[in-house]
Amino acid sequence: MITLTGVHKAFGSNHVLQGVDLTIERGTSMVIIGGSGTGKSVLLKCVLGLVTPDRGTITLDGQDVTKGDRDAFLARFGMLFQGGALFDSLKVWENVAFRLRRGPQKLPRDEARAIALEKLARVGLGPRVADLFPAELSGGMQKRVSLARAIAATPEVIFFDEPTTGLDPIMSGVINALIREIVTEMGVTAMTITHDMSSVRAIADQVAMLHGGVVRWTGPVAEMDRAPDPWLQQFIHGRAEGPIETVDRRIAVAAKG
Amino acid sequence: MTPAGLLARLGRATLGVLAAIGGIAMFAGSVVGHLFRPPFYPREFAQQLLQIGWLSLPVVGLTAFFTGGALALQIYAGGARFNAEAVVPSIVAIGMARELGPVLGGLMVAARVTSSIAAEIGTMKVTEQIDALVTLSTNPIKYLVVPRVLAATLTVPLLVAVGDTIGIAGGWIVGISQLGFNSANYLKNTFDFLEPWDVGSGLVKGAAFGFIVALMGCRYGMLSGRGAQGVGSATKSAVAAASVLIIAANFLLTRLFFVT
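Residues numbered from 1 in each chain as written. Chains lettered and ligands numbered in written order. Predicted model: local features only at pLDDT ≥ 70, side-chain atom pairs only at ≥ 80, totals over all residues.

Overview of the overall build of chain B
The helix and strand tally for chain B stands at nine helices and zero strands. Start at the N end of chain B and walk to the C end: the helices and strands fall as α-α-α-α-α-α-α-α-α. Within the span of chain B, comprising 260 residues, buried residues form 45% of the whole. (Helix = DSSP H or I, 4+ residues; strand = E, 2+ residues; numbered from the N terminus. Buried ≥ 20, exposed ≤ 12 C-beta atoms within 10 Å, placed from the backbone.)

Remarks on the overall build of chain A
When you go through chain A residue by residue, the secondary structure sums to 11 helices and 10 strands. Since a compact globule built from 257 residues should have a radius of gyration of about 18 Å, the 19 Å found for chain A is in line with a globular shape. Along the longest, intermediate and shortest principal axes, the C-alpha atoms of chain A span 65 × 40 × 35 Å. Within chain A, the fraction of its 257 residues that count as buried is 41%. (Rg over C-alpha atoms; globule rule 2.2 N^0.38 Å.)

Quick word on the pairing of strand β8 (residues 189-193) of chain A
On a regular strand, each side chain points to the face opposite its neighbour's, so the side chains alternate between the two faces of the sheet. Residues and elements named next belong to chain A. Counting buried positions along β8 yields five of five residues, so the element is predominantly enclosed. Side-chain alternation along β8 places T189, M191 and I193 on one buried face and A190 and T192 on a second face that is also buried. Looking at chain direction, strand β7 (residues 157-161) and β8 are connected through five bridges and run parallel. Along β8, the bridge assignment pairs V157 with T189. For the crossover that starts at β7, traverses helix α7 (residues 169-186) and ends in the parallel β8, the hand is right-handed. (Pairing = 2+ DSSP bridges. Right-handed = clockwise from strand over helix to strand, strands pointing away.)

Details of the interface of chain A and chain B
Many authors give the size of an interface as the accessible area that is lost as the parts come together. Taken together, the contact between chain A and chain B spans 15 residues of the former and 10 residues of the latter. Counting residues per element, the ones that place at least two in the side of chain A that touches chain B are α2 (70-74) and β6 (77-80) of chain A. A per-class count over the side of chain A that touches chain B returns 10 nonpolar, two polar and three charged. (Contact = placed C-beta atoms within 7 Å. Nonpolar A, V, L, I, M, F, W, Y, C, P; charged D, E, K, R; others polar.)

Describing the packing of helix α1 (residues 3-35) of chain B against helix α6 (residues 140-178) of chain B
Residues and elements named next belong to chain B. Contact geometry for α1 and α6: axes closest at 10 Å, N-to-C directions at 90°. Classified by the angle between their axes, α1 and α6 sit roughly perpendicular to one another. Every residue of α6 that contacts α1 at S30, V31, H34 and L35 is listed here: I141, K142, V145, V146, V149 and L150. For the contact of α1 with α6, the class distribution of residues is seven nonpolar, two polar and one charged. (Axes fitted to C-alpha atoms, helices over the stretch in contact; angles between N-to-C directions. Parallel < 35°, antiparallel > 145°, perpendicular 65-115°, else oblique.)

Focus: the sheet that holds β8 of chain A
All names here are of chain A. Spatially, six strands are ordered β6-β7-β8-β3-β9-β10 in an open sheet, and the strand pairing comes out mixed. The sheet terminates laterally at β6 and β10 (214-220), the two strands that pair on one side only. Mean inter-strand twist for the sheet, computed between neighbouring axes without regard to direction, equals 15°. Seen against the sheet, helix α6 (residues 139-151) touches β6 and β7 and runs at an angle of roughly 175° to β6.

Topic: helix α1 (residues 40-48) of chain A
Residue and element names in this part refer to chain A. Of all nine residues in α1, seven are buried, a share of seventy percent or more. Taken residue by residue, α1 has K40, S41, V42, L43, K45, C46 and V47 as its buried positions. One or two steps after α1, the chain reaches G49, where phi turns positive at roughly 85°.

Concerning the sheet that holds strand β4 (residues 55-60) of chain A
Read from one edge to the other, the open sheet built from four strands follows the order β2-β1-β4-β5 (chain A), with strand pairing classed as antiparallel. Whereas interior strands pair on both sides, the edge strands pair on one side only; in this sheet they are β2 (14-24) and β5 (63-64) of chain A.

What to know about the packing of α6 of chain A against α7 of chain A
All names here are of chain A. α7 packs onto α6 with a crossing angle of 10° between their chain directions and a minimal axis gap of 10 Å. On the basis of their axis angle, the class for α6 and α7 is roughly parallel. For the pair α6 and α7, the contacting residues are G140, K143, L147 and I151 in the first and M171, I175, L178, I182 and M186 in the second. A per-class count over the contact of α6 with α7 returns seven nonpolar, one polar and one charged.

Concerning α6 of chain A
Because an α-helix packs 3.6 residues into every turn, residues spaced three or four apart end up facing the same way. Residue and element names in this part refer to chain A. With 13 residues, α6 should cover 18 Å at 1.5 Å per step; its first-to-last C-alpha distance of 19 Å lies within 8% of that length. Of all 13 residues that make up α6, 11 are buried, and the element is covered over most of its length. In this fold, the buried residues of α6 make contact with β6, α3 (92-96), α4 (109-122), α5 (127-130), β7 and α7. (Expected span 1.5 Å × (residues − 1).)

Shown next as structure tokens:
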């Protein structure tokens, strides 16, 4: 279980997170939604320790994530980055097997390659892709390779950062379906950040909406459409009018004269 | 601007420079600390030996060759003013070994390698590859910085040695083909006056410049801002900082080695 309590983070005068409280139960797929710049990625990076919160606590199964053996902590996580974040200089299979080839549980090359091929097959990529470099793949294939890398070491928790950004609707559907299958099959705790509502409906067990530096609404995905929160309703239906300011109204009024 | 405003601006600039120096010193300390602690990445180190050392040979060799030739012409022309044309071989050799070999070699490697390292690491930062390394339990300093700094520190002295040889050869070719020197006499004068420490000091300088070259590339790459402009700016700053530090370090090492 991941628990965030009163998490604050500011970059200069920009107070991105202003007291985030959130609990993600073990084995649950939590999707965090919110507009661009609302701090979704920062929140995720705070949990991973890539960004240090100014205040508040984050615990994984009751243990503070900032304390203890960092490598052992990170070994429990897999992460799918927004742009894939594959290492350009390594072949596809070496990317997938990156963690398997390093650290105390380092596997021999052949064994690591076999696992990488198995994980690539799990995301629908054949062995022919294994010896290519990331730059030779399409965006959708890169996302799938990144997903294979995220699950390669059989993590307990997987984070997905905007998994469908930049993909066409069909490939987005493929990635969403893969994520849902893998999360269910592996029984992992998943935390996804997105503003793609089709991803939310495909992936989520629980949804949390981040706005104004706090969690405005959280609940099961089935209750999302019936929730009375006007911020949530404006966001999930993509309305320009509502409590979420999409443009600075003073500037818009001044421009109209 | 009021005197108080001017003073404030001066103060901020001074603090900025001091912060930058402190940041570089702490980064260098961290890199040196990681040099001796596992895990080590021999494959990445071998790749950097090839990238930084072997692939820099053409640019360093060509620079040294033409510099040696030009140096011979300059010393001949200058020496003719007081009938000292005969010193050309020894001055070319000493000049290349002590100063021009290491400094020009260092600057050429800075142009080629510092820019490449800063752009590569900067792009890795912008595309979240550095964050990905961390989530894969891999320390970016150990995996990216240490192999580059170690490879540059070890290979730049070798490049300097090759550059010295080619530069002296350039002077020799110009000497015998255009300045009327006898080949055997030119070589004899070269080696009679060249002392081991002339070469050794240049190699030590080369190691220091190699350390600077890779350290600046890695440091500014790691600090790269977002987007293409951020990477471009990091690359430019890395090359400028490496070049200035090489010249400054050269002065300090020359003072230390030759003026007691």
